Amino acid sequence: MVTIRDLKLAAKAMGIELPQDFFKVIQGAFDFVAKADVRAHFDASDVLADDAQIDLVWDLIEQIKRQADATEVVESASNTALEEVLPETAPEPLQNLEPLEDPQELATPEAMLAPVAESEVQVDAQATNVEPEVSDKEPAPEVQVDPEPEPEPEPEPVFDGREFLQVDYSKSDFRNQLAQAQRVSGETLLSWPEATAGSVYVVVADPEEYPLELSLGQQVAITQKNTLVIRDVDAVFFTIFEFSAPNAVGHLWARARRVDEVEDFTAKVGNGVVTLSWAQPKSGATLRIAKSAANHPLGTNPTSDHWLTLPANQNYFVDHEVDLGSKYEYRAFLEWLNDDGLVHTTSGISLSVVVSVQIPGLPSFQVEYDSEIPGLVEVRYKRPANGAQVMVFQSEGPIQRRLIAAAEEQLELSISDIHAPDVSQWLGTPVQGETQEALGYTVLSLYRDSTADTNLTFTGAVVHANRVKISKFARLVKIGEIGHAELIDRLDYQ
């Protein structure tokens, strides 16, 4: 594995200057085979790198890989040459050796040089199959060698801000030098294109506009790096001045605008509507909120036909265009015109809600028959506190037990269900008439045939959005020539 020290030595040999924190990231990206993979590896780390720096990193990786490949070729060639020099077979045994008549003659030099007959040479055939001796001793423990410690990064020099106040504004042209400012966990990550080796950068900040003049009070940091983590500074606009050395004349180098995500974005459901709220953006960007169709996701890049029309200078919006029981997704994001002339947007904050509602019942519902005015029937009720619409239904004949159960359960129906034959059979049909307000009541005046013997049941229901809630009912009973109305207690009715 390539060490950080190897990377630094190779970079120095190639004349490549990179920040100290780059090399640990490069070490993890050394096995990548494409520059795009290196770019993605840096984006996933805490180290910010621009395209020019990624090009230098890729050149460094390729150069080290080429050197490694060349070393392998040399080692392979050396091994091949060595195999050609060494013989492949063992030397042939000595022949025509004669034995000594007296073994003691082996002690003399003449005997040592005398030939020995081949027939006297005995070789134990089993000697070639000797098994290795097995030792009862435990193997020596392996010695753990600690890796070479990483060298401590050299501390950055401390600069005096008073030595960086002279700026030549006539030489400043930073329209194409765009820095990046991102807000992550309460900190601002700032990066910008590197100028020349040894340059000193002075970063100034302002909450409302780009600072175009360098003052001691606006200085946020002085550094020789082209990346910076800014804490405890709630600024939106940043300008970077570049100096070749202390007390030199500097110039404008780059600038950045930080645009955060929408803060405190909420979506609350109540009474069949969705109320959205948010904190006004501090960066001057335009707030957009996109809304999905009912029971459908919003998608990655919602088009403008999904945008809600938001009121100006207001941090909330009430969406009435929703269906009860349906699910909606809302996404709040910021949009602004960047210095490169393009419209940029944040990723956005998404919230999903299911629309539900608590439909209130009728506080009061009664029917009155005026015997002095033949045929006049008055239905009196009090409207719910939320001002929901009230519908009155009328049915003839005996009261239906299904109606009693519906009122007891406070049954809710879809607005389309009330006209279904199986519902109208026990609920009846809607009645129309003139209404007026009197003593806190809404009075609905109806006329019926005073000579008819049919008994009538009137039912009050509360309508909200597309839902109808059965609330109370009352019966009008004809007894001879006199009619009277009564509110049936649904719990005691037999």
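Anything mentioned here points back to the structure above.
Residues numbered from 1 in each chain as written. Predicted model: local features only at pLDDT ≥ 70, side-chain atom pairs only at ≥ 80, totals over all residues. Heavy atoms only, no water.

**Student:** It is not clear to me how the sheet that holds strand E8 (residues 266–270) should be interpreted in this structure. Could you clarify?
**Tutor:** Adjacent strands of a sheet pair through backbone hydrogen bonds, lying either parallel or antiparallel. Reading across the sheet, the three strands line up as E8-E9-E11 and stay open at both edges, with antiparallel pairing between neighbours. Either end of the sheet is taken by a strand with one partner, and the two such strands are E8 and strand E11 (316–319). Going across the sheet, the axis of each strand differs from the next one's by a mean of 20 degrees, ignoring polarity. (Pairing = 2+ DSSP bridges. Helix = DSSP H or I, 4+ residues; strand = E, 2+ residues; numbered from the N terminus. Axes fitted to C-alpha atoms, helices over the stretch in contact; angles between N-to-C directions.)

**Student:** How should I be thinking about the nonpolar core in this particular structure?
**Tutor:** Proteins that are soluble and globular tend to have nonpolar side chains buried together. In terms of nonpolar packing, the biggest core is built from 22 residues, with Leu-18, Phe-22, Ile-26, Phe-42, Val-57 and Leu-60 touching the most fellow members. Contributions of two or more residues to this core are made by helix H1 (4–14), helix H2 (22–28), helix H3 (35–44) and helix H4 (51–85). Tallying contributions element by element places H4 first for this core, with six residues. Contacts of Ile-26, omitting those with residues within four sequence positions, involve Leu-7, Leu-18, Phe-42, Val-57, Leu-60 and Ile-61. (Core = buried A, V, L, I, M, F, W, Y, C linked by side-chain atoms within 4.5 Å. Buried < 20%, exposed > 50% of the residue type's maximum accessible area, 1.4 Å probe, protein only. Contact = heavy atoms within 4.5 Å.)

**Student:** I would appreciate a short explanation of the environment of Val-38 in the present structure.
**Tutor:** For Val-38, the location among the structural elements is in helix H3. On the accessibility criterion, Val-38 (0% relative accessible area) is buried. A sequence separation of 13 residues divides Val-38 from Val-25, and the C-alpha atoms of the two residues are 9.3 Å apart. Beyond its immediate sequence surroundings of up to four residues, Val-38 is in contact with Ala-29, Phe-32, Ile-54, Val-57, Trp-58 and Ile-61.

**Student:** Can you help me understand the packing of aromatic side chains in this one?
**Tutor:** When we look at a pair of aromatic rings, we describe it by the centre distance and by the angle of the planes. Applying the stated rule across the entire model yields five aromatic pairs. Ring centres of Phe-159 and Phe-164 lie 5.6 Å apart, and the angle between their planes is 85 degrees; this geometry places the pair in the edge-to-face category. Look at Tyr-210 and Phe-237: their rings are 4.9 Å apart centre to centre, the planes differ by 75 degrees, and that puts the pair in the edge-to-face class. Of this pair, Tyr-210 sits in the loop between strand E3 (200–206) and strand E4 (219–223) while Phe-237 is found in strand E6 (residues 237–243), placing the two residues 27 residues apart along the sequence. Phe-237 shares its class with Tyr-210; the two are buried. Taken together through their ring pairs, the aromatic side chains of Phe-159, Phe-164 and Phe-243 make up a single cluster. One residue, Arg-255, lies across the ring of Tyr-210, its end atom 4.7 Å from the ring centre. Taking the ring centre of Tyr-328 as reference, the NZ or CZ of Lys-291 above it sits at 5.0 Å. (Phe/Tyr/Trp six-rings, centres within 6.5 Å; stacked < 30°, edge-to-face > 60°. Lys NZ or Arg CZ within 6 Å of the ring centre and 35° of its normal.)

**Student:** Got a minute to help me understand the sheet that holds strand E7 (residues 251–257) in this structure?
**Tutor:** Strand order in the open sheet made by the four strands is E4-E3-E6-E7, with antiparallel pairing throughout. A single partner strand is all that each edge strand has here, and the edge strands are E4 and E7. With direction set aside, neighbouring strand axes in the sheet form an average angle of 20 degrees. With six bridges connecting them, E6 and E7 associate as antiparallel partners. Along E7, the bridge assignment pairs Phe-241 with Leu-252.

**Student:** What is the right way to look at the pattern of salt bridges in this model?
**Tutor:** For side chains bearing opposite charge, pairing can occur when the charged atoms are close. Scanning all chains against the criterion turns up 10 salt bridges. When the shortest N-O distance is used, the salt bridge between Arg-162 and Asp-160 registers 2.8 Å. The partly exposed category is assigned to Asp-160, whose relative accessible area is 29%. In this structure, the salt-bridge partner of Arg-331 is Glu-329, at a minimum N-O distance of 3.2 Å. No difference in accessibility class separates Arg-331 from Glu-329, as the two residues are buried. (Salt bridge = Lys/Arg side-chain N within 4 Å of Asp/Glu carboxyl O.)

**Student:** Teacher, can you tell me more about helix H6 (residues 401–409) here?
**Tutor:** Note that an α-helix has 3.6 residues per turn; residues three or four places apart therefore point the same way. What H6 keeps buried is the set Leu-403, Ile-404, Ala-406 and Ala-407. Seen along its axis, H6 keeps its buried residues to an arc of 165 degrees; they face one direction. Those residues of H6 that are exposed and angled more than 90 degrees off the buried face are Arg-401 and Glu-409. Two residues or fewer past H6, Gln-410 is found with a positive phi of approximately 55 degrees. (Arc of directions from axis to C-beta.)

Honestly, that's just the spatial picture; any functional story needs more than this.
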